[in-house]
Amino acid sequence: MKLKEFEGKQLLASFEVSTSKGLVANTAEEAQAKITQIECAEVAVKAQVLAGGRGKAGGIKLVKKSEAPETTRQMLGREIKGKKIEQVLIEEKLEIEKEYYLSLTVNRSEKNVTLLFSEEGGVEIEELAKNSPEKIKKIGIEREFNAREVERKLSTSKHAREITEIAGKMFKLMKAKDAELVEINPLAISRGKLVAADAKIIIDDNALYRQPEFAPLKQRELSESEKKAKQSDLNYVELDGDIAIIGNGAGLVMATLDIVQHFGGKPANFLDVGGGANFEQVQKAVEIVLEKNPKGIWINVFGGITRCDDVARGLANYKKEKQIKVPIVVRLIGTNEAEGKKILEENGISTQDSMEECAKKIVELTR
Amino acid sequence: MSVLVDENTRVIVQGITGKQGSFHAKLMKEYGTNVVAGVTPRKGGQEAEGVPVYNSVKEAVEAHKAGWSVIFVPAKFAKTAALDSLEAGLNTVVITEGVPVHDEIEIVGKAKEKNLHVIGPNCPGVISPGKCKIGIMPGHIFKKGSVGVVSRSGTLTYEIINELTKNNLGQSTAIGMGGDPVVGVDFLKALELFEQDDETKQIVLIGEIGGDLEERAAKFIQEKISKKTVAYIAGRTAPKGKRMGHAGAVISGESGTAETKLKAFADAGVETAALPSEIPKLLKK
């Protein structure tokens, strides 16, 4: 789960990392009322959206302090990469002498936390990695943050000591708050001091049970249907096609989407009911995918030990009760498979054994 | 030979008195796995699924020699359980889904320090068909043979195993490495093990979007693997930035897409299947 810039900065500040001074405004009026808090004559008005490349998209404006409320008014409600701007951060304009890049991230291949540093901050790290990877320093951190070692590895930098100190605080934050990524880009030198001029923090979704302060923030990433799915322990992601997909297991559902596309259809969603599948969950899943009015539904359950007759009976009843009009194609593999298929066929739900046949069928039925 | 587990493997089940643990302990025993004991803190002295239960892995191992443990406990307790097992010197399979990534780093770090294998978290487990199953996969779809399978997914693995078995392509060992960003045994380790194993003649690698493990695997295959390897990547249609079920399955920026992975395999001369059903055809070619 991503935090907005101002949330990230608040978190960094609570771990004693210096950040630029600013205020958050939800309306132009709020900006007007609070602007006296800022002493500087010039300010940066920054859109608080969870989208990269904000600056290029016009999401950061440098203006005179007196103009900030008007800039706020113009900015609010606009969209950046499909994300509506609902808040702005108004900050004192920093006099920047130099920009560094500094982040701590979970490294999948090294299976540790890795510190990334570059003398050339301010550009996106992906871009830097592509164009000049030699300019990025990578330092693996095993368990403890060893400041002496980190400082030694950063020694070519003029500010090695200060950067190490900040990295140590970021590491503490990362462990305490279950962050997958803590990025300061740029880490600016302003009047001789290092200041976090931007902040990007991602909190591990799996750790929300022990980081309850972030749980409400998770909700805003989700659409209404996605929220409903989450409550039922279903993994649901909306897509823009018209064939609803329900399956069990993330990999199998992804493969199911791929095969629908392979045969010329467009999936309306990704919905994983989880490793095991019982009828209640399939029922909730059907309910959720129907909200988007798909042209058809494909249910692909490879259970192994799931009882197919149960799932089939439930599905058949549900179809009768709720009068589902769109075509449904079902593939059920598991225990009591034959019986399950019989029940479905009797209720006008076609079943197929192979993924290919299912995909062809649902694409044909929804044309 | 097979890799990691065989008919001589002795297994402890952590969380054996829970719903999942007892259910799968029973199925593992039915499959023929040597389940020798169970562990549930504060429930030592009881019996579950025909084996004695202990309070800790250490106690269980002292009473019954064992080489592996399999963990079925809720995510909150997975780290403690895994460290308990690793400290007692056991290779460990973590079935549990939803383990925080910093806990995973600690678990995998401890395994490295102890020179032990961890499989998972968030995985179906490992099976050497006809010999030993440690995990939750449906045993009946597997068949003894010479194809080594390694996968980031659960049910998609079953799907592909089913295709292999239907086409009379049995498996030496199948490793479900798990769908999380940080896991123990990964593609590289599995490939290395399969390369050394006499029984394994061909390898199937099942990847998905997110991270760059597949890209690294492609390079590794090109450099170090002499056995025929076929790959499949799930998630060609996945949008950017959305987590597709597995915590590890997120495309960020330009990296981790199906295209970059497919290209990496193509560049390394590894054939990839567009559909799961193509895998047997590619192996038989």
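Residues numbered from 1 in each chain as written. Chains lettered and ligands numbered in written order. Predicted model: local features only at pLDDT ≥ 70, side-chain atom pairs only at ≥ 80, totals over all residues. Heavy atoms only, no water.

S.K.: I tried to follow the overall build of chain B on my own but got confused; where do I start?
M.R.: Of regular secondary structure, chain B possesses nine helices and 14 strands. Here the C-alpha atoms of chain B give a radius of gyration of 18 Å, agreeing with the 19 Å that 2.2 N^0.38 yields for 285 residues. In terms of overall dimensions, chain B has C-alpha extents of about 55 × 40 × 30 Å along its principal axes. Across the 285 residues that make up chain B, the buried fraction comes to 65%. Across chain B, every contact between residues at least 6 apart in sequence was considered, and the portion connecting residues at least 24 apart equals 71%. Accessible surface for chain B amounts to roughly 10300 Å². Of this, 49% is attributable to carbon and sulfur atoms. (Helix = DSSP H or I, 4+ residues; strand = E, 2+ residues; numbered from the N terminus. Rg over C-alpha atoms; globule rule 2.2 N^0.38 Å. Buried < 20%, exposed > 50% of the residue type's maximum accessible area, 1.4 Å probe, protein only. Contact = heavy atoms within 4.5 Å. Areas by Shrake-Rupley, 256 points an atom, 1.4 Å probe, with all protein chains shown as cover.)

S.K.: Whenever I open this one, the overall build of chain A confuses me. Can you help?
M.R.: Assigned secondary structure in chain A consists of 13 helices and 18 strands. The C-alpha extent of chain A, read off along each of the three principal axes, is 80 × 50 × 35 Å. Per-residue burial over chain A gives 55% buried out of 367 residues. Contacts in chain A between residues far apart in sequence, at least 24 positions, make up 67% of those at least 6 positions apart. Accessible surface computed for chain A: about 16800 Å², of which carbon and sulfur atoms make up 46%. Averaging the positions of the 59 positive and the 59 negative side-chain charges in chain A gives two centres separated by 2 Å. (Lys, Arg positive; Asp, Glu negative; His and termini not counted. Charge placed at Lys NZ, Arg CZ, Asp CG, Glu CD.)

S.K.: I'm lost on the interface of chain B and chain A in this one. Help?
M.R.: For an interface, size is often stated in terms of accessible area lost upon the parts coming together. Each side of the interface is counted separately: chain B has 58 residues, and chain A has 45 residues. A buried area of about 4100 Å², summed over both sides, lies between chain B and chain A, and 59% of it is on carbon and sulfur atoms. The interface formed by chain B and chain A includes four salt bridges. When the shortest N-O distance is used, the salt bridge between E159(B) and R331(A) registers 2.7 Å. (Buried area = accessible area lost by both parts, 1.4 Å probe. Salt bridge = Lys/Arg side-chain N within 4 Å of Asp/Glu carboxyl O.)

S.K.: Help me understand the packing of helix α11 (residues 308-322) of chain A against helix α12 (residues 337-346) of chain A in this model?
M.R.: Relative orientation and spacing of two packed helices are given, respectively, by the angle between their axes and the distance between those axes. All names here are of chain A. One can describe the packing of α11 onto α12 by two numbers: an axis separation of 7 Å at closest approach and a directional angle of 10°. In terms of orientation, α11 and α12 fall into the roughly parallel class. For the pair formed by α11 and α12, the contact residues are C308, D309, A312, R313, L315 and A316 on the first element and E337, E339, G340, I343 and L344 on the second. Partitioned by chemical class, the residues of the contact of α11 with α12 number six nonpolar, one polar and four charged. (Axes fitted to C-alpha atoms, helices over the stretch in contact; angles between N-to-C directions. Parallel < 35°, antiparallel > 145°, perpendicular 65-115°, else oblique. Nonpolar A, V, L, I, M, F, W, Y, C, P; charged D, E, K, R; others polar.)

S.K.: How should I be thinking about the domain arrangement of chain B in this particular structure?
M.R.: Residue and element names in this part refer to chain B. What the domain assignment lists for chain B is domain 1 (10-119) and domain 2 (137-284). Look at where the C-alpha atoms of domain 1 and domain 2 centre, and you get two points 26 Å apart. Taken together, the contacts link nine residues of domain 1 with twelve residues of domain 2. Contact between domain 1 and domain 2 buries roughly 800 Å² in total, counting both sides, with carbon and sulfur atoms accounting for 66%. When the area that domain 1 buries against domain 2 is broken down by residue, the three leading residues are E104, H117 and I119, summing to 50%. At the boundary of domain 1 with domain 2, the tally comes to zero salt bridges. (Domains from an automatic or database assignment.)

S.K.: What is the right way to read the confidence of the model for chain A from this model?
M.R.: Should the pLDDT be low somewhere, the predicted coordinates at that spot are not to be read in detail. On average, residues of chain A carry a pLDDT of 91, and 99% of them reach 70 or more. At the low end of the mean pLDDT range in chain A sits helix α4 (residues 125-131) of chain A, at 80; at the high end sits helix α6 (residues 160-177) of chain A, at 98. (pLDDT = per-residue confidence, 0-100.)

S.K.: Explain the confidence of the model for chain B to me, please; I cannot follow it from the model alone.
M.R.: For chain B, the mean per-residue pLDDT works out to 94, and 95% of the residues sit at or above 70. The ipTM for the predicted assembly is 0.90, set against a pTM of 0.92.

S.K.: Is there a simple way to explain the sheet that holds strand β4 (residues 51-54) of chain B in this structure?
M.R.: Consider a sheet: its strands pair through backbone hydrogen bonds, and that pairing is either parallel or antiparallel. Taking strand neighbours across the sheet as the criterion, the seven strands line up as β3-β4-β2-β1-β5-β6-β7 (chain B) in an open arrangement whose pairing is mixed. Two strands lie at the open edges of the sheet, namely β3 (47-48) and β7 (118-119) of chain B, each paired on one side alone. (Pairing = 2+ DSSP bridges.)

S.K.: Would you mind going over the packing of aromatic side chains with me for this structure?
M.R.: Remark: the centre distance and the inter-plane angle together describe each pair of aromatic rings, the angle taken between the planes. All names here are of chain A. Applying the stated criterion to the full structure yields three aromatic pairs over all chains. Where Y100 meets F117, the ring centres are 5.3 Å apart and the plane angle is 40°; that geometry is what we call tilted. Remark: F117 occurs in strand β8 (residues 112-118) and Y100 occurs in strand β7 (residues 98-107); sequence separation between them is 17 residues. With centroids separated by 5.8 Å and ring planes inclined at 35°, the aromatic side chains of F145 and F171 adopt a geometry described as tilted. Here F145 is found in the loop between β9 (136-141) and α5 (147-153), whereas its partner F171 is found in helix α6, with 26 residues between them in sequence. (Phe/Tyr/Trp six-rings, centres within 6.5 Å; stacked < 30°, edge-to-face > 60°.)

S.K.: I'm lost on the nonpolar core in this one. Help?
M.R.: What tends to happen in soluble globular proteins is that the nonpolar side chains get buried as a cluster. One finds W298(A) and I175(B) to be the most contacted residues of the largest nonpolar core, which totals 95 residues. Residue contributions to this core peak at eight residues, all from helix α9 (residues 250-262) of chain A. If we ignore the near neighbours within four places in the chain, the residues touching I175(B) are V3(B), L4(B), I119(B), G125(B), V126(B), V149(B), V150(B), S151(B), V185(B), A190(B) and F194(B). If you look at the next biggest cluster of nonpolar residues, it comprises 42 residues, including M1(A), V17(A), I166(A) and A199(A). (Core = buried A, V, L, I, M, F, W, Y, C linked by side-chain atoms within 4.5 Å.)

S.K.: Quick question: what am I supposed to make of the domain arrangement of chain A here?
M.R.: Segmentation of chain A into domains returns domain 1 (21-92), domain 2 (98-213) and domain 3 (224-365). Taking only C-alpha atoms into account, the centre of domain 2 of chain A sits 43 Å from that of domain 3 of chain A.

S.K.: When you look at the pattern of salt bridges in this model, what are you seeing that I'm missing?
M.R.: Should the charged atoms of two oppositely charged side chains come close, the side chains can pair. Inspection of the entire model under this criterion finds 46 salt bridges over all chains. Linked through salt bridges whose partners overlap, the residues forming this network are E5(A), K9(A), K46(A), R54(A), E91(A) and D198(A).

S.K.: Would you mind going over the sheet that holds strand β13 (residues 228-234) of chain B with me for this structure?
M.R.: All names here are of chain B. Read across the open sheet, the seven strands follow the order β9-β8-β11-β10-β12-β13-β14; overall the sheet is mixed. One side of each edge strand has no neighbouring strand; the edge strands of this open sheet are β9 (132-135) and β14 (271-273). In this sheet, adjacent strand axes meet at a mean angle of 20° when their direction is disregarded. The pairing of strand β12 (residues 202-208) with β13 spans seven bridges and is classified as parallel. By the bridge assignment, L205 is partnered in β13 with A231.

S.K.: Mind showing me how you'd approach helix α5 (residues 155-166) of chain B here?
M.R.: Along an α-helix, residues three or four positions apart point the same way, because every turn accommodates 3.6 residues. Residues and elements named next belong to chain B. Taking 1.5 Å per residue, twelve residues should reach 16 Å; α5 reaches 16 Å between its end C-alpha atoms and fits that length. Buried residues dominate α5, accounting for ten of its twelve residues. Inspection of α5 places T155, L156, T157, Y158, E159, I160, I161, N162, E163 and L164 among the buried residues, and these make up the whole buried set. Positioned one or two residues after α5, N168 has a phi angle of 60°, which is positive. (Expected span 1.5 Å × (residues − 1).)

S.K.: Please clarify how unusual backbone geometry should be interpreted in this entry.
M.R.: Glycine aside, residues mostly have negative phi angles, and peptide bonds mostly take the trans form. For the bond from N185(A) to P186(A), the omega torsion is 5°, close enough to zero to count as cis. Within the secondary structure, P186(A) sits in strand β10 (residues 179-190). Of note, the bond from G120(B) into P121(B) is cis; its omega dihedral lies within 30 degrees of zero at 5°. In this fold, P121(B) is placed in the loop between β7 and β8 (125-128). Positive phi is not limited to glycine here, since E16(A) has a value of about 65°.

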